Amino acid sequence: MAMIPTVHALNKYLKKRIFVLSFLFPLIAVAFKADPSTDISGTWRMDIVQRGNVKLSTYFIIHADSGKFSGSVIINGAVELRFRNPHFEGNEAVFGTTWNRDYRLRRDGEKLHVTIVYGVNSSEQAYATAVPEAETKAPPFIQLPPLAVVPANGLAKTPPMGWNSWNHFGGNVDDAVVRAAADRLVSSGLAAAGYHYINIDDCWEGGRDANGNIVSNQKFPNMKALADYVHARGLKLGIYSSPGPLTCGGYTGSYDHEEQDAKTYASWGVDYLKYDWCSAERIYTNDQLQAAYQKMGSALAHCGRPIVYSLCEYGMADVWQWGAAAGANLWRTTGDIKDNWESMSAIGFNQVKTAPFSGPGHWNDPDMLEVGNGGMSNAEYRTHFSLWCMLAAPLMAGNDLGKMSGETLEILSNKEAIAIDQDPLGQQGVPVMKNDSIQIWVRLLKHGARAVAIFNTTKVVKTVVLDFLTINVKGKQKIRDLWLHQNLGKFNVRFKTSVGPHCVALLKLTR
Ligand code: GLA
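None of the values given here were measured: they were computed from a predicted structure.

Some details on unusual backbone geometry
Alright, step 1. Positive phi is not limited to glycine here, since D367 has a value of about 90°.
Alright, step 2. Along the chain, the position of D367 falls in the loop between β18 (363-365) and α10 (378-390).
Alright, step 3. Judged by its relative accessible area of 2%, D367 is buried.
Alright, step 4. The phi dihedral of A392 falls on the positive side, at around 55°, and the residue is not glycine.
Alright, step 5. Mapped onto the elements, A392 comes out in the loop between α10 and β19 (395-397).
Alright, step 6. On the accessibility criterion, A392 (0% relative accessible area) is buried.

Brief notes about the sheet that holds strand β8 (residues 111-118)
Alright, step 1. With respect to topology, nine strands assemble into an open sheet ordered β4-β3-β2-β1-β9-β8-β7-β6-β5, the strand pairing being antiparallel. Looking along the sheet, the strands with just one partner apiece sit at the ends: β4 (79-82) and β5 (84-89). Adjacent strand axes in the sheet meet at a mean angle of 25° when their direction is disregarded.
Alright, step 2. Bridging between strand β3 (residues 68-75) and β4 involves four bridges; their strand directions are antiparallel. Bridging from a neighbouring strand, I75 pairs with V79 of β4.

What about the state of the cysteines?
Alright, step 1. By the definition in use, this model includes one disulfide.
Alright, step 2. No disulfide involves C303; its sulfur sits 20 Å from that of C312, the nearest cysteine.
Alright, step 3. Classification of C303 as buried rests on a relative accessible area of 11%.
Alright, step 4. Considering cysteine sulfurs only, C278 is the nearest to C312, which forms no disulfide, with 6.8 Å between them.

Looking at the domain arrangement of the protein chain
Alright, step 1. Looking at the protein chain, the domain boundaries give domain 1 (36-133), domain 2 (161-426) and domain 3 (431-510).
Alright, step 2. Look at where the C-alpha atoms of domain 2 and domain 3 centre, and you get two points 31 Å apart.
Alright, step 3. Between domain 2 and domain 3, a total of about 2,200 Å² is buried, with carbon and sulfur atoms accounting for 68% of that surface.
Alright, step 4. Counting the surface domain 2 buries against domain 3, the share from its top three residues, F349, M390 and E416, is 31%.
Alright, step 5. Among the salt bridges present, the one from R480 reaches E416, with a minimum N-O distance of 2.6 Å.
Alright, step 6. Taken together, the links from domain 2 to domain 3 amount to eleven residue pairs in polar contact (both at pLDDT 80 or more).
Alright, step 7. Every element with two or more residues in the side of domain 2 that touches domain 3 is listed here: α9 (341-348), α10, α11 (406-412) and α12 (415-421).
Alright, step 8. If one sorts the elements of the side of domain 2 that touches domain 3 by residue count, α10 sits on top with nine residues.
Alright, step 9. Tallied by class, the residues present in the side of domain 2 that touches domain 3 amount to 15 nonpolar, five polar and six charged.

Examining the site of the ligand
Alright, step 1. Around the ligand lies a shell of 13 residues, among which D201, D202, K274, D276 and D336 are the nearest.
Alright, step 2. Within the side chain of K274, one N or O atom sits 2.8 Å away from an oxygen atom of the ligand.
Alright, step 3. Here an oxygen atom of the ligand sits 2.5 Å away from a polar atom, N or O, in the side chain of D336.
Alright, step 4. Here the ligand has 300 Å² of accessible area as a free molecule, and 92% of this is covered by the chains.
Alright, step 5. Residue composition of the shell around the ligand, by class: six nonpolar, one polar and six charged.

Regarding a nonpolar patch on the surface
Alright, step 1. There is a patch of nonpolar side chains on the surface, built from V352, V430 and V432 and spanning about 170 Å² of accessible area.
Alright, step 2. Tracing the backbone through its elements, the reader meets V432 in strand β20 (residues 430-434).
Alright, step 3. Looking at V432, the relative accessible area reads 36%, which means it is partly exposed.

Some words on the pattern of salt bridges
It is possible for side chains bearing opposite charge to pair when their charged atoms get close.
Alright, step 1. Scanning the model with the defined rule gives 16 salt bridges in all.
Alright, step 2. A salt bridge links R45 to D47; the shortest N-O distance between them is 3.2 Å.
Alright, step 3. When the shortest N-O distance is used, the salt bridge between D271 and R305 registers 2.6 Å. Taken as a pair, D271 in the loop between α6 (258-268) and β15 (272-276) and R305 in the loop between α7 (289-301) and β16 (308-312) lie far apart in primary sequence, 34 residues in all.
Alright, step 4. Assessed through its relative accessible area of 27%, R305 is described here as partly exposed.
Alright, step 5. Here the salt bridges do not stand alone but share partners, grouping R45, D47 and E135 into one network.

Rules behind the numbers
Residues numbered from 1 in each chain as written. Predicted model: local features only at pLDDT ≥ 70, side-chain atom pairs only at ≥ 80, totals over all residues. Heavy atoms only, no water. Helix = DSSP H or I, 4+ residues; strand = E, 2+ residues; numbered from the N terminus. Buried < 20%, exposed > 50% of the residue type's maximum accessible area, 1.4 Å probe, protein only. Pairing = 2+ DSSP bridges. Axes fitted to C-alpha atoms, helices over the stretch in contact; angles between N-to-C directions. Disulfide = S-S within 2.5 Å. Domains from an automatic or database assignment. Buried area = accessible area lost by both parts, 1.4 Å probe. Salt bridge = Lys/Arg side-chain N within 4 Å of Asp/Glu carboxyl O. Polar contact = N/O pair within 3.5 Å; in protein donor to acceptor, adjacent residues only side chain to side chain. Nonpolar A, V, L, I, M, F, W, Y, C, P; charged D, E, K, R; others polar. Near = heavy atom within 4 Å. Areas by Shrake-Rupley, 256 points an atom, 1.4 Å probe, with all protein chains shown as cover. Patch = residues over 30% accessible without salt bridge, like charges linked within 9 Å, V, L, I, M, F, W, Y side chains within 5 Å.

Structure representation (C-alpha cells):
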C-alpha cells in the first residue's frame, strides 16, 4: 500500500525534473555551442606591410547576430565590397568578394585571425585588431573647381609609346627594374622604333614628409636620380598617382595635394602622369569625375614642366567626351586588360563608339600591351598589336624587356605597324565588316592611303575575300603586307587571302 504513494511521488518528481530540464536544455546547448557571431562583430583593421615598407590597411566591418553575419571589407581604403555568401564553417566566418579574394576569419583572443585566399593556390595569414568605426571613414570632401576647359598642352601629337611596369612587374617594380627597362629599351632597338616613355606604375609611393611633400618608398631611393638616368638615355620618365587619398595598391594618392604633387613630379623631372581613380570612388560621385581630373589637369598645366596626362578611370562617364577638356592627352576606355585572348579581344574589338573622340593630342587608351607576357600565342599577340595600331592606341609595352623572345621583339618593333599607329592624321580605325569569324577594320591614313586589318576570330584558318566596295575604295590598289613586309602586287575590285587562327592580315592599300 505504501508503494502507491511512492510511485506517484517518483512520477511527480521525475515530471518536475523533466519539465525543468526541458526548459534548461536549450540554454545548456547554447552555453556549450557558443554563438560564433558574437565574437566577430565590430570594426577590425588588418595591416600588411608591402614591398617598399609601406603599410596597407584593410578594414572589416561586421554585423553579426544569431549565427549569421553580413558586412563589408574596405580594401586599401580604395573600394568597399559587400561580403558575398557569408557563412560559418565551424568557428570560422567565411565570405567571398567580387575582387577574387575570399576571407576566413576566426576570433583569436583579442584579435581576429584572417586568412586571405587569392584564387585557388595562394593565401596569406594575418591578424586584425578592433578599431573605432570612425577610422574607416573616407577623408572629408573638398570642393572641386567649377568645370572649365584646360588648354591643350601640345603634347602627344601621336599616341604615346613606351613601357610601363604594371602588366609584368605589378608591385615588384623598383629602381633597378626601371633602370634595366630603360637600358633594354635602348639596346633592343625599341627606343629607336619610337618607344620613349619609361613609366613607373603603382607601388612607388612612400607617404608624405612633414611638409606634405610626397616621397618615394624604400624601393625608389632617389626619384630625381632615376629621372636623370632615364633622361641620359634619351628617354622620358612616367609616374603614377590617384585623385583619391590612396592608389589601387593602397599607396599614397594625391587627394588634397594635387598642386603640390604636380610640382614635386616636375622637380624630379617627370614627363608623364597616369592618374588612376581608385580610392577617389569613396569621395566623389561619377558626376564629379571631370572636375576631379580637371583639378590635376590644371595643376600639371601650372607645374612648370610639360607632362603628358593620362587618365585611368576605366571608361566611366564617357570619359572620351570630356577627357581632353580636363587637360588629358589620353584616357583609359576600359577596365584592366588581362593576358589572354578573351580579355584582349573583348576590349580591342569593342572600341567603336570612342572612335570620333580620338585625335592628335588626345587619345583613347584601351590599356597597355600584354605582348610577350606569355598568356597568348604569337599569332594572338600579332592580332593584339595590329588591333592597337588600328585603334591609334598608345603603345605601352608591358612585358619584361630583359627576357624578351625574338618573336616578342619582332612584334613590338614592327616599324610598318607602328607607322600605322603613329600616322599623323590620328584617325582611329573602325570595323566595316563583322561576322562570327571575320572582322575587317579600316583606318584612313594621311595622304589618302588606308590601313586594312582582316582579323580571324576563330581557331581555324579562314580564306577571306576583301571586296573593295566594303572598304569604300575604287580603282587599282597597291597592297603591302605589313607583317610579311612584302608588296603583294596591284589589285582591282577584290583581294583574296587566308588568315590563320586568331591571327590577322595587316595591309596597307595605296592607289
Ligand atoms: C588599376 C589600373 C591598372 C594599374 C593598377 C595599379 O587597376 O587600371 O592599370 O595601374 O590599378 O594598382
